[in-house]
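Below, each chain spelled out in residue letters.
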Amino acid sequence: MMHDIDAVIFDMDGSLVDSMWMWRAIDIEYLGRYGIALPEDLQTKIEGMSFGETARYFKEHFPIPESQEEIMEEWNRMAWDKYMYEVPLKKGIPEFLAGCRDSGIKLGIATSNSRVLVENVAGVHNLRDYFSCIMTGTDVERGKPSPDIYLAVAEGLGVSPERCLVFEDITAGILAGKNAGMRVCAVEDDYSAQFRELKKELADYYIEDYTGLFV
């Protein structure tokens, strides 16, 4: 999997950090403030959307008085402490990042999350020295499964798409990487367990965690 690779690009939530459970909890709490029950298909509807696109979806589909900007500000506030104290790195990530760095492989992040939160995660886990390029959904026109964000990170790293390996945990992200012409490794995550077989079918590789990838 690591042969003929010049760059590794990570999705953040569910691929780099174990945080997908957190966003469902935030959605339940946030909608509950307005007496709205969490729709069972909500996560499927918003999968792959950027932070701003998700806030716009909430504004358009639920009776929420806050503006799109206010919704995003509140989500940032609600997520901040959880990222600080409750969200760990995926198993094996520290060793894998060190292995990439020692092998001269460039590292990037392509996340649908907000800039403030990805910078928070990078600071909490001391990741800033590893990553040469971090892009968020606000940096590109279209969210996943469009390839925009992965192509933007590859350009920022100075690496051709076909020399990039993507790690993704959701189907929209896997498709984004494939649409960018990159090799994609699907990452196991409890949040997307019901789509495990589809993820394996769509991706080039599949891992349960990052342990031993550089042994």
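What comes next concerns the included structure. Computed from a prediction, not measured in an experiment: that's the story for all the values here.

Those residues of helix H5 (residues 93-102) that sit buried are Ile93, Phe96, Leu97, Ala98, Gly99 and Cys100. Elements that come into contact with the buried residues of H5 comprise strand E1 (7-10), strand E2 (106-111) and strand E4 (164-168). The positive-phi residue at the C-terminal boundary of H5 is Gly104, with phi of around 75 degrees.

Another aspect to go through is the sheet that holds E1. Pairing is parallel in the open sheet, where 6 strands are placed in the order E3-E2-E1-E4-E5-E6. Each edge of the sheet is formed by a strand with only one pairing partner; in this case those strands are strand E3 (133-136) and strand E6 (205-207). Across the sheet, the mean angle from the axis of one strand to that of its neighbour is 20 degrees, orientation sign disregarded. Inspection of the sheet shows E1 paired to E2 by 4 bridges, in the parallel sense. Within the sheet, the bridge partner assigned to Val8 lies in E2 and is Leu107. Of the strands in this sheet, E1, E2 and E4 touch H5, which is tilted by about 150 degrees from E1.

Moving on: the pattern of salt bridges. Pairs can form between side chains of opposite charge once their charged atoms are near each other. On inspection of all chains with the given rule, the structure shows 15 salt bridges. Between Arg115 and Glu119 there is a salt bridge; the shortest N-O distance is 3.6 Å. With Arg115 and Glu119 both in helix H6 (residues 115-124), this residue pair falls 4 residues apart, about one helical turn. Measuring nitrogen to oxygen at the nearest pair gives 2.8 Å for the salt bridge that ties Asp139 to Arg115. Pair noted here: Asp139 is in the loop between E3 and helix H7 (148-157) and Arg115 is in helix H6, with a separation of 24 residues, a long-range link. What emerges from the salt-bridge pattern is a single network uniting Glu29, Arg33, Glu74 and Arg77.

Cut-offs used in this document
Residues numbered from 1 in each chain as written. Predicted model: local features only at pLDDT ≥ 70, side-chain atom pairs only at ≥ 80, totals over all residues. Heavy atoms only, no water. Buried < 20%, exposed > 50% of the residue type's maximum accessible area, 1.4 Å probe, protein only. Helix = DSSP H or I, 4+ residues; strand = E, 2+ residues; numbered from the N terminus. Contact = heavy atoms within 4.5 Å. Pairing = 2+ DSSP bridges. Axes fitted to C-alpha atoms, helices over the stretch in contact; angles between N-to-C directions. Salt bridge = Lys/Arg side-chain N within 4 Å of Asp/Glu carboxyl O.

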